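Residue-level structural notes
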Amino acid sequence: MSRPEEGSQSPRVRQLVLLRHGQTEYNATRRMQGQLDTDLSELGRQQALAVADAIARFDPLAVVSSDLRRAYDTATALGDRIGLPVAIDTRLRETHLGEWQGLTHTEVDAVAPGARSAWRADATWAPPGGENRIDVARRSMAVVGELLDKYEDWSDRPIVLVAHGGLIAALTAALLDLPVDRWSVLGGLGNTGWVQLSGYGEVPSWRLDVWNASATVAPDDVL
């Protein structure tokens, strides 16, 4: 095995954590939220406090959140715990689910049999009046790009993005440069489940380190 040249430096590595919000009543009743602005349930507030303790151990550099209350309140629990302000970016909102928003899984299946399965399997497919995961990835990738420019000292202290299950899956797939027809290999995230990625080099090549870590809760797949 060849030895590194004297004076050579290891590539820069940036840490990124993508954190899903705590439980809402919509999650608990398997109702499609999308961009509806729902509140955390009592359990969701407890989850937010628990995950704040877990993420605080990473010593985050910054916290950026979706503006939807369920994400922002989860982010605020973390920000309060570590003494950092929470920046808001509307591009971190969940996938817009169009005509499905507010319906339960059962109700969607009744009016459009097989459509949810098609949507899960195909990142280019959008619910009626909604957006597809390609669109979601495009707007959230722009957020990461701007953070790379803004935080010159970003390295082993992670930036934490607090958002939503659908967005986190789409953003992760795009950062990893997965073929679009393989985006569905990334499963659902539990409430307050998180993803950890490492970006190597000045123009980061991203690696998935952790998928769906959780302090408190089993996975679910409700948006």
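Residues numbered from 1 in each chain as written. Predicted model: local features only at pLDDT ≥ 70, side-chain atom pairs only at ≥ 80, totals over all residues. Heavy atoms only, no water.

Notes on the overall build of the protein
Of regular secondary structure, the protein possesses seven helices and six strands. For the protein, the succession of helices and strands along the chain, N to C, is β-α-α-β-α-β-α-α-α-β-α-β-β. In terms of overall dimensions, the protein is globule-like: its C-alpha atoms have a radius of gyration of 18 Å, near the 17 Å expected for 223 residues. Taken along its principal axes, the extent of the C-alpha atoms in the protein is 65 × 40 × 30 Å. In the protein, which comprises 223 residues, the proportion classed as buried is 49%. Taking all contacts inside the protein whose residues are at least 6 apart in sequence as the whole, residues at least 24 apart take part in 71%. (Helix = DSSP H or I, 4+ residues; strand = E, 2+ residues; numbered from the N terminus. Rg over C-alpha atoms; globule rule 2.2 N^0.38 Å. Buried < 20%, exposed > 50% of the residue type's maximum accessible area, 1.4 Å probe, protein only. Contact = heavy atoms within 4.5 Å.)

Re the packing of helix α2 (residues 42-56) against helix α3 (residues 69-82)
α3 packs onto α2 with a crossing angle of 50 degrees between their chain directions and a minimal axis gap of 8 Å. Compared by their axis directions, α2 and α3 come out oblique. Relative to α3, α2 is oriented so that their crossing is right-handed. Between α2 and α3, the residues in contact are A48, L49, A52, D53, I55 and A56 and T74, A77, L78, R81 and I82, respectively. Counted by class, the contact of α2 with α3 contains eight nonpolar, one polar and two charged residues. (Axes fitted to C-alpha atoms, helices over the stretch in contact; angles between N-to-C directions. Parallel < 35°, antiparallel > 145°, perpendicular 65-115°, else oblique. Left-handed = near helix turned anticlockwise from the far one by under 90°. Nonpolar A, V, L, I, M, F, W, Y, C, P; charged D, E, K, R; others polar.)

Considering the UniProt feature "binding site: substrate" (unreviewed entry) in the protein
In the numbering used here, UniProt assigns the feature "binding site: substrate" (unreviewed entry) to R20, H21, G22, Q23, T24, E25, Y26, N27 and R70. Mapped onto the secondary structure, N27 falls in helix α1 (residues 25-28). (UniProt positions renumbered as here; feature names shortened; annotations may be inferred.)

Describing the UniProt feature "active site" (unreviewed entry) in the protein
The feature "active site" (unreviewed entry), as given by UniProt, occupies H21 and E94 in the numbering adopted here. Spanning 74 residues, the annotated positions come together in the fold, the maximum distance between their C-alpha atoms being 10.7 Å. Its location among the elements puts H21 in the loop between β1 (13-20) and α1. Ignoring any residue separated from it by four or fewer positions in sequence, one finds H21 in contact with N27, Q33, R70, A71, T74, A163, H164, N191 and T192. Engagement of the side chain of H21 in a polar contact is seen with the side chain of R70, the distance being 3.4 Å. Within the secondary structure layout, E94 lies in the loop between β3 (86-88) and α4 (105-111). (Polar contact = N/O pair within 3.5 Å; in protein donor to acceptor, adjacent residues only side chain to side chain.)

Quick word on the pattern of salt bridges
Throughout the structure, instances matching the rule amount to 15 salt bridges. One salt bridge connects D37 with R69, and the closest N-O pair in it is separated by 3.2 Å. On the criterion of sequence distance, the pair formed by D37 in the loop between α1 and α2 and R69 in helix α3 is long-range, its members being 32 residues apart. With relative accessibility at 33%, the residue D37 sits in the partly exposed group. (Salt bridge = Lys/Arg side-chain N within 4 Å of Asp/Glu carboxyl O.)

A closer look at the packing of helix α6 (residues 133-150) against helix α7 (residues 165-175)
Contact pair α6 / α7: the axes reach a minimum separation of 8 Å and the direction vectors enclose 70 degrees. Overall, the two elements α6 and α7 adopt an arrangement that is roughly perpendicular. Contact residues: R133, V136, A137, R139, S140, M141 and V144 in α6; L167, A170, L171, A174 and L175 in α7. Per-class residue counts for the contact of α6 with α7 are nine nonpolar, one polar and two charged.

Overview of unusual backbone geometry
Even without being a glycine, R30 presents a positive backbone phi close to 55 degrees. Along the chain, R30 falls in the loop between α1 and α2.

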